[in-house]
Amino acid sequence: MVSGEFWDGIPSVAEDEMFAMITTFKKDPFPKKVNLGAGVYRDEDGKSWVLPAVKKAHALLIDSPDLNHEYLPIAGLAEFTNSAAKLMFTEESDVIKRGQVVSTQTISGTGANHLGASFLSRFYLFNGERQVYISRPTWVNHHAIFANVDITPVEYPYYNAETRGIDFDEMLSTMNSAPDRSIFVLHACAHNPTGLDPSREQWTAIADIMLAKGHYAFFDAAYQGFATGDLDNDAWAVREFARRGIAMLVCQSFAKNAGLYGERVGALHVVCKDDQATKKLKNQLSLITRVEFSTPPAYGAKLVNFILNDAPLYEEWRRNIRTMAGRLIEVRKELYRLLTEELKTPGNWDHVINQIGMFSFTGISEAQSKRLREEFHIYLAKNGRISLAGLNTKNIKYFAESLDTVVRG
Ligand SMILES: Cc1ncc(COP(=O)(O)O)c(C=O)c1O
């Protein structure tokens, strides 16, 4: 066998939709092209934004007498993970005060999802099938992340295409009929891709069922701050579930809210019965990390640590988050105005302003989204999800007009 033939038998798979789109977009010479694909924040000039708070943290880090390039411990920078846990649960929460949270630094939110899934795959006492419930639809990677560790993803109803709202009754009914002690993946806020979050009343009803059925909450918190512009508001569901004693873990990412996409800063927080259990879990989690990437990257964690532990810097970061979230709200309003008042685009566009976060789930078909891409050079996910961050005063009209043309067929 010549060496090239070793791989003849491997099946072909498609390239990742979002990353392939970034490459094609870069190569596209069309002057009015618009990228509404990946969920990354862009400023009014369409440029990526280095948060002023992050710039200052960087300067502090570079000048710090303690700057070094040593390995972090396997579980990461303890100061960072402790502060990150407080940001999620609050310092005053019982779970933090009682030492019930075990926190491990991860390769951003994806790594937290993977580590959480791997941990459950090894130790969760599945009640029957090795399965996890994920929302229909959800972040595409959830499917693969669980399948990758031999847990079958099963969908629960979430989005109702007719009402363009949450299919709440169906969701609750699935939670009710699921076997006791099932695992449910819940988006802590700014649901990707729908931009629809349960209200506080709805979260309370979900919590009631989770408790009654002994379900496990797998919270994915990739957008804390992006839903309402406020870190505390956006952690409400997580904090409420913790307060009510629901068994849970939280996957936390600083990619979006600190604009640290490439630094891969994240944490996994598992809420345990007591501080004895956290010790046991910490070592098990470290065992998984050790074989996969040994220790997490230091730079981004050090930056976030500076921000979380310096009062003025922390306040500045909160303002930076409000700036990002505020711009996205303005984009929503302008898009809505263009579609409903200026262009009188057929259909109801209320969802554009009712949805929250970085995305708008436009409700257009796969064929329409293909047309936007092929004829108008507007790049978006096949399912009609657009990242609002890609819109600004210079390109929003072009986008609205193109959408209008496509909708009119
Ligand atoms: C719902 C959700 N979870 C997790 C992530 C992971 O992001 P990252 O690994 O960049 O932190 C994303 C990113 O798009 C997401 O949308």
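Residues numbered from 1 in each chain as written. Predicted model: local features only at pLDDT ≥ 70, side-chain atom pairs only at ≥ 80, totals over all residues. Heavy atoms only, no water.

- If you look the protein chain up in an unreviewed UniProt entry, it shows as Aspartate aminotransferase from Guyanagaster necrorhizus.
- Here the protein chain is described in UniProt, under the heading Catalytic activity (unreviewed entry), as follows: "L-aspartate + 2-oxoglutarate = oxaloacetate + L-glutamate".
- Among the UniProt annotations of the protein chain, the heading Subunit (unreviewed entry) holds the following wording: "Homodimer." (UniProt positions renumbered as here; feature names shortened; annotations may be inferred.)

Structural notes on the packing of helix α3 (residues 78-89) against helix α10 (residues 236-243)
So, point 1. Closest axis-to-axis distance for the α3/α10 pair is 8 Å, and the angle between their directions is 90°. Between α3 and α10, the angle falls in the class roughly perpendicular. Here L87, M88 and F89 of α3 lie close against α10, whose contacting residues are V238, R239 and A242.
So, point 2. Among the residues making up the contact of α3 with α10, the classes are represented as five nonpolar, no polar and one charged. (Axes fitted to C-alpha atoms, helices over the stretch in contact; angles between N-to-C directions. Helix = DSSP H or I, 4+ residues; strand = E, 2+ residues; numbered from the N terminus. Parallel < 35°, antiparallel > 145°, perpendicular 65-115°, else oblique. Contact = heavy atoms within 4.5 Å. Nonpolar A, V, L, I, M, F, W, Y, C, P; charged D, E, K, R; others polar.)

What to know about a negative patch on the surface
So, point 1. Taken together, E15, D16, E17 and E366 make up a surface patch of like negative charges.
So, point 2. Relative to the elements of secondary structure, E15 occurs in the segment before α1 (17-27). (Patch = residues over 30% accessible without salt bridge, like charges linked within 9 Å, V, L, I, M, F, W, Y side chains within 5 Å. Areas by Shrake-Rupley, 256 points an atom, 1.4 Å probe, with all protein chains shown as cover. Salt bridge = Lys/Arg side-chain N within 4 Å of Asp/Glu carboxyl O. Lys, Arg positive; Asp, Glu negative; His and termini not counted. Charge placed at Lys NZ, Arg CZ, Asp CG, Glu CD.)

Thoughts on helix α12 (residues 299-308)
So, point 1. Burial analysis of α12 places eight of its ten residues in the buried class, the great majority of the element.
So, point 2. Within α12, burial applies to G300, A301, K302, L303, V304, N305, I307 and L308.
So, point 3. Next to the buried residues of α12 lie α2 (52-63), α3, β2 (101-107), β10 (265-271) and α13 (311-342). (Buried < 20%, exposed > 50% of the residue type's maximum accessible area, 1.4 Å probe, protein only.)

Here's the deal with the side chain of S387
So, point 1. The topology assignment puts S387 in strand β13 (residues 385-387).
So, point 2. Polar contacts involving the side chain of S387 include one to the main-chain carbonyl oxygen of A38, which spans 3.4 Å.
So, point 3. If sequence neighbours within four positions are ignored, S387 has contacts with L36, G37, A38, G39, V40, M358 and F359. (Polar contact = N/O pair within 3.5 Å; in protein donor to acceptor, adjacent residues only side chain to side chain.)

Observations concerning the site of the ligand
So, point 1. Around the ligand lies a shell formed by S108, G109, T110, W139, N192, D220, A222, Y223, S253, A255, K256 and R264.
So, point 2. Note that an oxygen atom of the ligand is positioned 2.7 Å from one of the side-chain N or O atoms of N192.
So, point 3. R264 places a side-chain nitrogen or oxygen 2.8 Å from an oxygen atom of the ligand.
So, point 4. At three residues, helix α5 (residues 108-123) tops the list of elements feeding residues into the shell around the ligand.
So, point 5. Along the lines of polarity and charge, the residues of the shell around the ligand split into four nonpolar, five polar and three charged. (Near = heavy atom within 4 Å.)

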